[in-house]
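# Per-entry structural report
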Amino acid sequence: MTTAQQILTIAMVVLGTLATRFLPFLLFPSGKPTPKYIEYLGKVLPAAMFGLLVVYCLRNVSPFTGSHGLPELISLAIVAALHSWKRNMLLSIAAGTACYMLLVQLVF
């Protein structure tokens, strides 16, 4: 990249970052009530992202090769049980990831 291209790239990244940081405050000022569709998205998107993450993580699991999907199945069960118990998405994801990594590195 030339120097001009590097400067332009950095400027675009800065502009994109600033736009995503300040745009919500411009669109939804603190004095106005939050639109209903934004509240709806705030309720459904975390669960949708959780489901998307599960599908993404399990997309290449084959029960006919390797460890037959056992590390994934055990980690998925831990995530489901922990999330049902504590209702903390970050804790569930972190525990499932740690369990999977330990199983893959040490057991399977």
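Before reading further, recall that the structure is shown in the block above.
Treat the numbers as computed from the prediction; the structure is a model and nothing was measured. (Residues numbered from 1 in each chain as written. Predicted model: local features only at pLDDT ≥ 70, side-chain atom pairs only at ≥ 80, totals over all residues. Heavy atoms only, no water.)

## Comments concerning the packing of aromatic side chains
Tallied over the entire structure, the rule returns 0 aromatic pairs. Between lysine 86 and the ring centre of tryptophan 85, over which it is positioned, the NZ or CZ distance is 4.4 Å. (Phe/Tyr/Trp six-rings, centres within 6.5 Å; stacked < 30°, edge-to-face > 60°. Lys NZ or Arg CZ within 6 Å of the ring centre and 35° of its normal.)

## Considerations on the packing of helix H3 (residues 70-86) against helix H4 (residues 89-107)
Contact geometry for H3 and H4: axes closest at 8 Å, N-to-C directions at 155°. As summarised for this structure, H3 and H4 are arranged roughly antiparallel, according to the angle between their axes. For the element pair H3 and H4, the recorded crossing hand is right-handed. Together, Pro71, Glu72, Ile74, Ser75, Ile78, Val79, Leu82, His83 and Lys86 of H3 and Met89, Leu91, Ser92, Ala95, Gly96, Cys99, Tyr100, Leu103 and Val104 of H4 make up the contact between the two elements. Class assignment for the residues of the contact of H3 with H4 results in 12 nonpolar, 4 polar and 2 charged. (Axes fitted to C-alpha atoms, helices over the stretch in contact; angles between N-to-C directions. Helix = DSSP H or I, 4+ residues; strand = E, 2+ residues; numbered from the N terminus. Parallel < 35°, antiparallel > 145°, perpendicular 65-115°, else oblique. Left-handed = near helix turned anticlockwise from the far one by under 90°. Contact = heavy atoms within 4.5 Å. Nonpolar A, V, L, I, M, F, W, Y, C, P; charged D, E, K, R; others polar.)

## Remarks on H3
In this model H3 runs 24 Å from its N-terminal to its C-terminal C-alpha over 17 residues, within 8% of the 24 Å that 1.5 Å per residue would give. Of the positions making up H3, those classed as buried are Pro71, Glu72, Ser75, Val79, Leu82 and His83. Angular distribution of buried residues about the axis of H3 spans 105°; they occupy a single face of the element. The outward face of H3, more than 90 degrees from its buried face, is lined by the exposed residues Leu73, Ser84 and Trp85. Buried residues belonging to H3 abut helix H2 (36-58) and H4. (Expected span 1.5 Å × (residues − 1). Buried < 20%, exposed > 50% of the residue type's maximum accessible area, 1.4 Å probe, protein only. Arc of directions from axis to C-beta.)

## What about the environment of leucine 91?
Tracing the backbone shows leucine 91 in helix H4. Note: C-alpha distance between leucine 91 and threonine 65 (26 residues apart in sequence) is 30 Å. Non-local contacts of leucine 91, meaning those with residues more than four positions away in its chain, are made with Leu82 and Lys86.

The analysis is restricted to geometry; functional conclusions fall outside its scope.
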